[in-house]
Amino acid sequence: MSALLELQGVTAFYGQSQALFGVDLAVNDGEAVALMGRNGMGKTTTIRAIMHMLRHAGGTIRFAGRDLGTQSSHRVARAGIGLVPEGRRCFAPLTVEENLLSAARPGAWEIATVARLFPRLGERLGQKAALLSGGEQQMLAIGRALMTNPRLLILDEATEGLAPVVRHEIWAAIRDLKAQGLSILVVDKSLRELASAVDRCFVLEKGATVWSGSPDGLTEDITARYLGV
Ligand code: ATP
């Protein structure tokens, strides 16, 4: 397996303040990977660096064998990374269908395939995004990212703040996408769901990768030490 996304020794700053001190991470083709760590350890910052929403100061970030260099985040999205950002951000005044179409790029993912993955969205195509429930907005955010027909889907806080029944639907969709062969990088607080959905985990502590391995390797010792469980 070749690495689709590979980070080596990535460092990054917010102004003078260093947030990443050496992040190593890899997502192979067709693999689902969890990025873990307690609050404030650098998960969102790592995703911002991957998306070039924040410039990394050191180390390398390679996607599909290329260093995306100084490309804009727009270009990174075009290179094949679909982001579901923390806090979902859909266009509230637009309808579900308009939201989906605004992200569309040619490929297998189109309105019909998104509606099949999330039937609730399919039933609400004409409804304004502002009127959707939190869970439906997250489905729409995932649908928008899929409409870009990415090679890698990144979900930051996949199920944050959602009701258990909706979480269940989101995890089922993530497992479905993985079964379809999509590469996935996911951040979430629910350890059990994460561990059952991914092939590999990377754990951050104070902005650096401190552990990686298969979910089976997440022993009580590791989770107590790094994840505060
Ligand atoms: P959470 O689970 O709370 O979202 P996280 O692991 O995603 O945590 P980050 O949000 O990446 O962590 O934060 C990493 C560090 O960078 C923290 O010390 C945080 O305070 C700092 N930080 C995050 N965003 C900014 C910002 N916009 N400006 C300055 N510092 C920031």
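In this report, we go over the structure that sits alongside the text. Since this is a predicted model, take the numbers as computed values, not measurements.

The rules we used
Residues numbered from 1 in each chain as written. Predicted model: local features only at pLDDT ≥ 70, side-chain atom pairs only at ≥ 80, totals over all residues. Heavy atoms only, no water. Helix = DSSP H or I, 4+ residues; strand = E, 2+ residues; numbered from the N terminus. Rg over C-alpha atoms; globule rule 2.2 N^0.38 Å. Buried < 20%, exposed > 50% of the residue type's maximum accessible area, 1.4 Å probe, protein only. Contact = heavy atoms within 4.5 Å. Areas by Shrake-Rupley, 256 points an atom, 1.4 Å probe, with all protein chains shown as cover. Lys, Arg positive; Asp, Glu negative; His and termini not counted. Charge placed at Lys NZ, Arg CZ, Asp CG, Glu CD. Near = heavy atom within 4 Å. Polar contact = N/O pair within 3.5 Å; in protein donor to acceptor, adjacent residues only side chain to side chain. Nonpolar A, V, L, I, M, F, W, Y, C, P; charged D, E, K, R; others polar. Axes fitted to C-alpha atoms, helices over the stretch in contact; angles between N-to-C directions. Parallel < 35°, antiparallel > 145°, perpendicular 65-115°, else oblique. Left-handed = near helix turned anticlockwise from the far one by under 90°. Salt bridge = Lys/Arg side-chain N within 4 Å of Asp/Glu carboxyl O. Core = buried A, V, L, I, M, F, W, Y, C linked by side-chain atoms within 4.5 Å. Expected span 1.5 Å × (residues − 1). Pairing = 2+ DSSP bridges.

Another point: the overall build of the protein chain. Regarding its fold elements, the protein chain presents nine helices and 10 strands. On C-alpha atoms alone, the protein chain measures out to a radius of gyration of 17 Å, which is about the 17 Å that the 2.2 N^0.38 rule sets for 229 residues. Within the protein chain, buried positions represent 51% of all 229 residues. In the protein chain, the proportion of contacts linking residues at least 24 apart, taken out of those at least 6 apart, comes to 68%. Only carbon and sulfur atoms are counted for the fraction: they give 50% of the accessible area of the protein chain, which is about 10400 Å². Computed over 25 positive and 23 negative side-chain charges, the inter-centroid distance for the protein chain is 5 Å.

Our focus in this paragraph is the site of the ligand. Gly 40, Gly 42, Lys 43, Thr 44 and Thr 45 are the nearest of the 13 residues found near the ligand. One nitrogen or oxygen atom from the side chain of Tyr 14 is found 3.5 Å from a nitrogen atom belonging to the ligand. Notes on the ligand: free accessible area 630 Å², of which the protein chains cover 60%. Broken down by element, the residue count for the shell around the ligand peaks at four residues, all from helix H1 (residues 43-50). Classifying every residue of the shell around the ligand by side-chain character gives three nonpolar, five polar and five charged.

A few words on the packing of helix H6 (residues 134-147) against helix H7 (residues 164-179). When two helices pack together, their arrangement is given by the angle between the helix axes and by the axis-to-axis distance. Close contact between H6 and H7 brings their axes to 10 Å; oriented N to C, the two are set at 15°. Judged by the inter-axis angle, H6 sits roughly parallel to H7. Pair H6 / H7 crosses with right-handed handedness. Facing H6, whose interface residues are Gly 135, Gln 138, Met 139, Ile 142 and Leu 146, H7 presents Val 166, Glu 169, Ile 170 and Leu 177. In the contact of H6 with H7, the residues fall into six nonpolar, two polar and one charged.

As enumerated under the stated definition, the model contains 11 salt bridges in all. The salt bridge involving Glu 31 is made with Arg 200; its shortest N-O contact spans 2.8 Å. Of this pair, Glu 31 sits in the loop between strand S2 (17-28) and strand S3 (32-36) while Arg 200 is found in strand S9 (residues 200-205), placing the two residues 169 residues apart along the sequence. Using a relative accessible area of 6% as the deciding quantity, one classes Glu 31 as buried. For Arg 200, a relative accessible area of 23% puts it in the partly exposed group. In this structure, Arg 120 engages Glu 136 in a salt bridge whose closest nitrogen and oxygen atoms are separated by 3.5 Å.

Below, the discussion takes up the nonpolar core. Ranked by internal contacts, the top residues of the largest apolar core, which has 46 residues, are Leu 153, Leu 155 and Ile 184. With seven residues, H6 is the single largest residue contributor to this core. Apart from the residues lying within four places of it in its own chain, the contact partners of Leu 155 are Val 84, Ile 142, Ile 174, Ile 184, Leu 185, Val 186 and Val 187. Counting residues in each nonpolar core, the second largest holds 29 residues, with Leu 20, Met 41, Ile 47 and Leu 68 among its members.

Attention now goes to H7. Taking 1.5 Å of rise per residue, the 16 residues of H7 would be expected to cover 22 Å, and the 22 Å separating its terminal C-alpha atoms lies within 8% of that figure. The elements touched by buried residues of H7 are helix H4 (111-117), helix H5 (119-122), H6, strand S7 (152-155), strand S8 (183-186) and helix H8 (191-197). Of the residues flanking the end of H7, it is Gly 181, one or two places downstream, whose phi is positive at about 100°.

Summarising the sheet, S9 and strand S10 (residues 208-213) pair through five bridges and their orientation is antiparallel. In the sheet register, Leu 204 faces S10, and the bridge partner there is Thr 209. In this structure, the hairpin formed by S9 and S10 is closed by a connection of two residues, where Lys 206 is found at a positive phi of approximately 45°.

Our next topic: unusual backbone geometry. The phi angle at His 52 is positive, at roughly 60°, despite the residue not being glycine. Along the chain, His 52 turns up in the loop between H1 and strand S4 (56-63). A positive phi angle is found at Lys 206, which is not glycine, with a value near 45°. In this structure, Lys 206 sits in the loop between S9 and S10.

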